[in-house]
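# Structural features, examined
Each chain is listed here by its residues.
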Amino acid sequence: METHSKKMAEVKLFRTWSSRFALRIVWALKLKDVQYDTIFEDLSNKSPLLLQYNPVHKKVPVLVHNGKSVAESLVILEYIEETWKQNPLLSEDPHERAAARFWAKFGDEKVLPSYWEAFNSEGKEQEEGIVKAKENLKYLEEELKGKKFFGGEHIGFADIALGWLAEYENVFEEVASMKVIAEDEFPLLSEWKRTFADAPIIKENWPPRDKLVTKYQAFREANLLNKAPK
């Protein structure tokens, strides 16, 4: 069995307290029982180390292992999976691995942008955004048929990538007074949200909900103000 005590001592994660992308890395490291140090960043005053380790995007998350940095959350997840073999996030089956990567990318390229559009709008524009979001979510609902998680019986790569839906989606709905994932319309997705959010490692690492609500209220108000006719 592989020992990873040396590796664990050399792992650092640059994140913010609220980043849903960084949360993916927290979950993955915890699920694999990899010890790491956390460096919390203030993105309005980025540290020299963050700029050094991610000079291209200058964003979190950044994983540093043995002094070498890896950026972009889905890329980091792949790195974690390849480096620490215990508690695999991807199936041994090539097609299932490809499917997991597809749904992770679908979440970032389709689901999240459509949510964001609805969240940062009002009235008719918000209604149109909700329709787009629901169209994307129907594909996720279909994918969950006969499954507990997107990864099967256990939390996997796609679940971690889509995990923000289990809590941040609720926050977005509360702040923007909108309803997207209704139980009667998305029963499987609704059940997945509850099951995923209640898994101990997931549940223990959510940011404080009240702080998230406050943050996204301010964020939405600022965005709406910028969109308003001058």
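One structure accompanies this document, and this report is about it. (Residues numbered from 1 in each chain as written. Predicted model: local features only at pLDDT ≥ 70, side-chain atom pairs only at ≥ 80, totals over all residues. Heavy atoms only, no water.)

Below, the discussion takes up the side chain of S18. In this fold, S18 is placed in the loop between β1 (11–15) and α2 (20–31). Judged by its relative accessible area of 6%, S18 falls in the buried class. Among all residues touching S18, those that are not within four sequence positions of it are Y168, P207, L212, K215 and Y216. (Helix = DSSP H or I, 4+ residues; strand = E, 2+ residues; numbered from the N terminus. Buried < 20%, exposed > 50% of the residue type's maximum accessible area, 1.4 Å probe, protein only. Contact = heavy atoms within 4.5 Å.)

Let us now look at unusual backbone geometry. The step from V60 to P61 runs through a cis peptide bond, and the omega angle for that step is 0 degrees. Mapped onto the elements of the fold, P61 is located in the loop between α3 (48–53) and β3 (62–65). Of note, N66 is a non-glycine position whose phi angle comes to about 55 degrees, a positive value. For N66, the location among the structural elements is in the loop between β3 and β4 (68–71). For N66, a relative accessible area of 46% puts it in the partly exposed group. Despite not being glycine, S177 has its phi angle at roughly 50 degrees, a positive value. Summarising the element assignment, S177 is placed in the loop between α8 (168–176) and α9 (187–198).

We now examine the packing of aromatic side chains. Tallying each qualifying case throughout the model produces 22 aromatic pairs. The interplanar angle of 85 degrees and the centroid separation of 5.3 Å between the aromatic rings of W103 and F106 together place this pair among those described as edge-to-face. Highlighted residues: W103 and F106, both in helix α5 (residues 94–119), separated by three residues, approximately one helical turn. No difference in accessibility class separates W103 from F106, as the two residues are buried. Ring centres 6.2 Å apart and planes at 90 degrees place the aromatic pair W116 and Y216 in the edge-to-face group. With W116 in helix α5 and Y216 in helix α11 (residues 209–227), this residue pair connects regions lying 100 residues apart in the sequence. Of the residues examined, W116 reaches a relative accessible area of 24% and is grouped as partly exposed. Taking NZ or CZ as reference, R20 lies 5.2 Å from the ring centre of W116, over its face. (Phe/Tyr/Trp six-rings, centres within 6.5 Å; stacked < 30°, edge-to-face > 60°. Lys NZ or Arg CZ within 6 Å of the ring centre and 35° of its normal.)

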